[in-house]
Amino acid sequence: YDRVIVDLSPLVPVADVRATGKLVDSYVLVVEWAQTRIDVVESALADAPNIADRLLGVVLNKVDIGVMSRYDGLV
């Protein structure tokens, strides 16, 4: 296969994701809208440099479109 997508456990409370460092080429982080604090994401990535170095991007999950539309040019 050219690409295999693996749904892993959350990065913060468990170490399972960190153990995949030698098996996974790149990561996409899913962050929950209005629930996940920025400092928690920054800390989690700082504690897992092997993941941070291979991070392709972040998906914002469960977005409130009504509230998001208040931010000019984002929606």
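What this report covers is the structure whose coordinates are included nearby. This structure is a prediction, so every number in the text was calculated from the model and none was measured.

1. A look at the environment of Val 63
Among the structural elements, Val 63 can be located in the loop between strand E2 (55-61) and helix H3 (65-68). It is 24 Å that separates the C-alpha atoms of Val 63 and Ile 51, two residues lying twelve residues apart in sequence. Those residues within four positions of Val 63 in sequence are excluded, and the remaining contacts are Trp 33 and Met 68.

2. Observations concerning the pattern of salt bridges
In total, this model carries two salt bridges according to the counting rule given. Residue Arg 37 is joined to Asp 39 by a salt bridge in which the shortest nitrogen-to-oxygen separation is 2.8 Å.

3. Looking at the nonpolar core
Leu 11, Val 17, Val 24, Tyr 27, Leu 29, Val 31, Ala 44, Leu 45, Ala 48 and Ile 51 form the largest nonpolar core, which has ten residues in total. For this core, the secondary-structure elements that each account for two or more residues are strand E1 (27-32) and helix H1 (38-47). For this core, the element with the most residues is E1, which contributes three residues. Excluding anything up to four places from it in sequence, Leu 45 contacts Leu 11, Leu 29, Ile 51, Ala 52 and Leu 55.

4. Here we look at a nonpolar patch on the surface
Taken together, the side chains of Tyr 1, Val 4, Val 6 and Leu 8 define a hydrophobic patch exposed on the protein surface, amounting to about 510 Å² of accessible area. Tracing the sequence through the fold places Leu 8 in the segment before E1. Judged by its relative accessible area of 32%, Leu 8 is partly exposed.

What counts as what
Residues numbered from 1 in each chain as written. Predicted model: local features only at pLDDT ≥ 70, side-chain atom pairs only at ≥ 80, totals over all residues. Heavy atoms only, no water. Helix = DSSP H or I, 4+ residues; strand = E, 2+ residues; numbered from the N terminus. Contact = heavy atoms within 4.5 Å. Salt bridge = Lys/Arg side-chain N within 4 Å of Asp/Glu carboxyl O. Core = buried A, V, L, I, M, F, W, Y, C linked by side-chain atoms within 4.5 Å. Buried < 20%, exposed > 50% of the residue type's maximum accessible area, 1.4 Å probe, protein only. Patch = residues over 30% accessible without salt bridge, like charges linked within 9 Å, V, L, I, M, F, W, Y side chains within 5 Å. Areas by Shrake-Rupley, 256 points an atom, 1.4 Å probe, with all protein chains shown as cover.

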